[in-house]
Amino acid sequence: QKEVEQDPGPLSVPEGAIVSLNCTYSNSAFQYFMWYRQYSRKGPELLMYTYSSGNKEDGRFTAQVDKSSKYISLFIRDSQPSDSATYLCAMRISNFGNEKLTFGTGTRLTIIP
Amino acid sequence: SQTIHQWPATLVQPVGSPLSLECTVEGTSNPNLYWYRQAAGRGLQLLFYSVGIGQISSEVPQNLSASRPQDRQFILSSKKLLLSDSGFYLCAWSVSTSTGYFYGYTFGSGTRLTVV
């Protein structure tokens, strides 16, 4: 079993729809949770970052973490064509000196105008 | 502000040829540095990471090697490339505070390597 599971998609939704992207994980030692957005032929860029259960909002984006279920989500409201990209979840164990992230395989998202 | 430079952007190399990819970071000191490979349709595979000059940890056995000759320079090398080395290579850096707070990775723009 992989430590981090992510549905690879592809996922296509119409412009303006709410998008839900999800990851599950098996290692309860993960404490830091991130979402990265990667446009085609570009490096991933950090989108959202949280280390506690609950919701965190940033504009049209909401990151949700449920540690009891080992489940994280990214919601995109009022989706735009510019949101079309691959979204990767990433997680880290909270040990000082352990700097490695474990990534999901990414979900390819297309917003249809 | 911190920036990360990675070059070249695209590279086509014959099988058996050597490889050298360079990554440099500006605006921070003593960063943790990483090399990842991303194959088509697959996730990010950690190849090497470094917490300081000359300190390299390898995550997977392969014909690639990494070196960190300076604090903000990270080099990925190979003496003889294989077809299976084709992929998208990404350099990244991170910094943790003395209390262990972590700010995530910052990635470079990547090098697309095609071995022919």
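Bear in mind the structure is a predicted one, so any value in this text is a computation, not a measurement.

Conventions used here
- Residue positions within a chain follow its written sequence, with the count starting from 1.
- Just so you know, chain letters begin at A and ligand numbers begin at 1, following the order they were written in.
- pLDDT decides what is reported in this predicted model: residues at 70 or higher carry local features, side-chain atom pairs at 80 or more are listed and counted, and totals for whole chains, interfaces and linings draw on all residues regardless.
- With hydrogens and water stripped out, all remaining heavy atoms of the structure feed into the side-chain values.
- A helix here means a DSSP run of H or I that spans at least four residues, while a strand means a run of E at least two residues long, and both kinds are numbered starting from the N terminus.
- Buried, partly exposed and exposed residues are distinguished by accessible area as a fraction of the type maximum, computed with a 1.4 Å probe on protein chains only: under 20%, between the cut-offs, and over 50%, respectively.
- Definition of a polar contact: a pair of N or O atoms within 3.5 Å, with one able to donate and the other able to accept a hydrogen when the atoms are protein atoms, and with sequence-neighbouring residues admitted only if both atoms are side-chain atoms.
- Contacts are residue-level and defined by heavy atoms, with any inter-residue pair within 4.5 Å sufficient.
- When two parts are brought into contact, each loses some accessible area as probed by a 1.4 Å sphere; the total of that loss over both is the buried area.
- By definition, a salt bridge exists where a carboxyl oxygen of Asp or Glu is found within 4 Å of a side-chain nitrogen of Lys or Arg.
- Note that Gly is not counted as nonpolar here; it falls among the polar residues with everything else outside the nonpolar set of Ala, Val, Leu, Ile, Met, Phe, Trp, Tyr, Cys and Pro and the charged set of Asp, Glu, Lys and Arg.
- Definition of nonpolar core: a set of buried residues of the types Ala, Val, Leu, Ile, Met, Phe, Trp, Tyr and Cys, connected through side-chain atoms within 4.5 Å.
- Stacked, edge-to-face and tilted labels apply to pairs of Phe, Tyr and Trp rings (six-membered ring for Trp) whose centres lie within 6.5 Å, assigned for plane angles under 30 degrees, over 60, and everything in between, in that order.
- Note on terminology: disulfide denotes any pair of cysteine sulfur atoms within 2.5 Å.

Caption draft 1: How the structure looks around the side chain of A:Thr62. All names here are of chain A. Assignment of secondary structure puts threonine 62 in strand E7 (residues 61-66). By relative accessible area, which is 7% here, threonine 62 ends up buried. In this structure the side chain of threonine 62 is engaged in a polar contact, spanning 2.9 Å, whose partner is the side chain of arginine 77. Apart from residues lying up to four places away in sequence, threonine 62 is in contact with Met48, Asn55, Lys56, Glu57, Ser73, Leu74, Phe75 and Arg77.

Caption draft 2: Structural detail: the interface of chain A and chain B. Counting residues at the interface gives 20 residues for chain A and 26 residues for chain B. With both sides pooled, the region where chain A packs onto chain B buries about 1800 Å², and carbon together with sulfur makes up 58% of that total. Our enumeration of links across chain A and chain B arrives at zero salt bridges. Where chain A touches chain B, the interface holds three residue pairs in polar contact (both at pLDDT 80 or more). Elements supplying a minimum of two residues to the side of chain A that touches chain B: strand E4 (30-38), strand E5 (45-50), strand E9 (85-93) and strand E10 (101-103) of chain A. Counting residues per element, the side of chain A that touches chain B draws most heavily on E4(A), which supplies four residues. Residue composition of the side of chain A that touches chain B, grouped by class: 11 nonpolar, four polar and five charged.

Caption draft 3: Local environment of the nonpolar core. If you look at the biggest cluster of nonpolar residues, it comprises 24 residues, and the most contacted ones within it are A:Trp35, A:Ile72, A:Leu74, A:Tyr87 and A:Met91. Contributing elements (two or more residues each) for this core: strand E3 (19-25), E4, E5, E7, strand E8 (71-76), E9 and strand E11 (107-112) of chain A. Setting aside anything within four residues of it in sequence, one finds A:Tyr87 in contact with A:Gln6, A:Leu21, A:Tyr36, A:Arg37, A:Leu47, A:Leu74, A:Ile76, A:Gly106, A:Thr107 and A:Leu109. One finds B:Leu19, B:Leu47, B:Leu81 and B:Cys91 within the second-largest nonpolar core, a separate group that totals 21 residues.

Caption draft 4: Quick peek at the packing of aromatic side chains. In this structure the tally under the stated criterion is 15 aromatic pairs over all chains. Ring geometry for A:Tyr32 and A:Tyr51: centres 6.0 Å apart, planes at 50 degrees, overall tilted. Of this pair, A:Tyr32 sits in strand E4 while A:Tyr51 is found in the loop between E5 and strand E6 (54-58), placing the two residues 19 residues apart along the sequence. Between B:Tyr36 and B:Phe107, the ring centres sit 5.9 Å apart and the planes meet at 55 degrees, which makes this aromatic pair tilted. Note that B:Tyr36 is positioned in strand E4 (residues 32-38) and B:Phe107 in strand E10 (residues 106-107), a separation of 71 residues in sequence. Classification of B:Tyr36 by relative accessible area gives buried; the value is 1%.

Caption draft 5: Structural context of the environment of B:Ala40. Note on placement: B:Ala40 falls in the loop between E4 and strand E5 (44-52). With 48 residues separating them along the chain, B:Ala40 and B:Phe88 place their C-alpha atoms 8.1 Å apart.

Caption draft 6: Layout of the state of the cysteines. Evaluation of the coordinates by the stated rule reveals two disulfides over all chains. There is a disulfide in this structure between A:Cys23 and A:Cys89, and the S-S distance comes to 2.0 Å. The S-S bond linking A:Cys23 to A:Cys89 shows a torsion near -100 degrees; that makes this disulfide left-handed. Of this pair, A:Cys23 sits in strand E3 while A:Cys89 sits in strand E9; the two residues are 66 residues apart in sequence, bridging distant segments of the chain. Of the two residues, A:Cys23 and A:Cys89, neither departs from the other in class, the shared state being buried. One disulfide in the model links B:Cys23 with B:Cys91; its S-S distance is 2.0 Å. Taking the sign of the torsion about the S-S bond as the criterion, the disulfide between B:Cys23 and B:Cys91, at about -75 degrees, is left-handed. Taken together, the residues span a long stretch of sequence, with B:Cys23 in strand E3 (residues 19-26) and B:Cys91 in strand E9 (residues 87-94) at a distance of 68 residues.

Caption draft 7: The pattern of salt bridges, seen in detail. Residues and elements named next belong to chain A. In total, this model carries five salt bridges over all chains according to the counting rule given. As a salt-bridge pair, arginine 37 and glutamate 45 come within 3.3 Å of each other at their nearest N and O atoms. Between arginine 77 and glutamate 57 there is a salt bridge, with the nearest N and O atoms lying 3.7 Å from each other. Taken together, the residues span a long stretch of sequence, with arginine 77 in the loop between E8 and E9 and glutamate 57 in strand E6 at a distance of 20 residues. Its relative accessible area of 29% is what places arginine 77 among the partly exposed residues. Note on glutamate 57: relative accessible area 59%, which makes it exposed.

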